[in-house]
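Structural features, examined
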Amino acid sequence: MEVHNVDLTISAVQPEQYPDTDYPEIALVGRSNVGKSSLTNVLINRRNYAHTSSQPGKTQTLNFYEVEEKLYFVDVPGYGYAKVSKKERERFGKMIEKYLTTRDQLKGVILLVDGRHEPTEDDINMYRWLRYYDIPTMVVATKIDKVKGNAWNRAESTVRRTLEIDDQTELVLFSAVKKTGKDDVWNWIEEQTGMN
């Protein structure tokens, strides 16, 4: 999809603040600093619209980006960041769980993992949780431009094996620098939201 109009509509912490539309929503989840903002920026053809932070754990709200007055991307707070207190982590956890399990407009979740490394325990738990709730999921392995071309197959099979990816889940290797995987991600989004 060619994107011309994007609007950060709201940063929400509770359901009453979610946008009151029936636009389909796609959530982006992943560890802090895995590249959620970079993926969002590539998908919406903007350089720095979604703020990429050098400080992990900075996103503490659900950020709703309205795209082309047709759908929302929802940037979810990153998990697995140690400097956030246990209490804060629990609060984030409840907020995220409530959104992911009760939001009718949610049509799918993109789980981002770092393509350079084996997925973490947090990544595995998140993937299992999404499958348990039967939420349509795409796994995007980011920063793949930092992996040598001849090691891409190995990177892909490491992610598949570690997460135990099932047949319902698409896996895409993605680079924000080279835009690798952008079309595959958009195709999946359009499929989930009925926009194709």
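Definitions and limits used
- Residues numbered from 1 in each chain as written.
- Predicted model: local features only at pLDDT ≥ 70, side-chain atom pairs only at ≥ 80, totals over all residues.
- Heavy atoms only, no water.
- Salt bridge = Lys/Arg side-chain N within 4 Å of Asp/Glu carboxyl O.
- Helix = DSSP H or I, 4+ residues; strand = E, 2+ residues; numbered from the N terminus.
- Phe/Tyr/Trp six-rings, centres within 6.5 Å; stacked < 30°, edge-to-face > 60°.
- Buried < 20%, exposed > 50% of the residue type's maximum accessible area, 1.4 Å probe, protein only.
- Contact = heavy atoms within 4.5 Å.
- Core = buried A, V, L, I, M, F, W, Y, C linked by side-chain atoms within 4.5 Å.
- Pairing = 2+ DSSP bridges.
- Right-handed = clockwise from strand over helix to strand, strands pointing away.

Observations concerning the pattern of salt bridges
- This structure, assessed with the given rule, holds 5 salt bridges.
- Between Asp 123 and Arg 31 there is a salt bridge, with its nearest N and O atoms 4.0 Å apart. Of this pair, Asp 123 sits in helix α3 (residues 121-132) while Arg 31 is found in the loop between β2 (25-30) and α1 (36-43), placing the two residues 92 residues apart along the sequence.

Some words on the packing of aromatic side chains
- A full pass over the atoms with the stated rule returns 8 aromatic pairs.
- Consider the rings of Trp 129 and Tyr 133, whose centres lie 4.7 Å apart with planes at 55 degrees: the pair is tilted.
- Plain terms: the ring middles of Tyr 132 and Tyr 133 are 5.1 Å apart, the flat faces sit at 90 degrees to each other, and that makes the pair edge-to-face.
- Judged by relative accessible area, which is 37%, Tyr 133 ranks as partly exposed.
- Three or more aromatic residues joined by ring pairs make a cluster, and in this case those are Tyr 18, Tyr 23, Phe 64, Tyr 72 and Tyr 99.

Topic: the side chain of Lys 182
- Along the polypeptide, Lys 182 turns up in helix α5 (residues 182-193).
- Among residues more than four places away in sequence, those in contact with Lys 182 are Val 42, Leu 43, Asn 45 and Phe 174.

Let's talk about the nonpolar core
- Counting residues in hydrophobic clusters, the biggest one holds 35 residues, and the most contacted among them are Tyr 99, Leu 100, Leu 111 and Val 139.
- Beyond its immediate sequence surroundings of up to four residues, Val 139 is in contact with Leu 111, Val 113, Tyr 127, Val 159, Leu 163, Ile 165, Thr 169, Glu 170, Leu 171 and Val 172.
- Grouped together as the second largest cluster of nonpolar side chains are 23 residues, Val 6, Val 42, Leu 43 and Val 140 included.

Section: the pairing of strand β6 (residues 137-142)
- With 6 of 6 residues buried, β6 lies mostly within the body of the structure.
- Here β6 shows two buried faces, one formed by Thr 137, Val 139 and Ala 141 and the other by Met 138, Val 140 and Thr 142.
- Here 6 bridges tie strand β5 (residues 106-114) to β6, and the two strands are oriented parallel to one another. Residue pairing for β6: Leu 112 is matched across the bridge by Val 140.
- The handedness of the β5 to β6 crossover, carried by α3, is right-handed.

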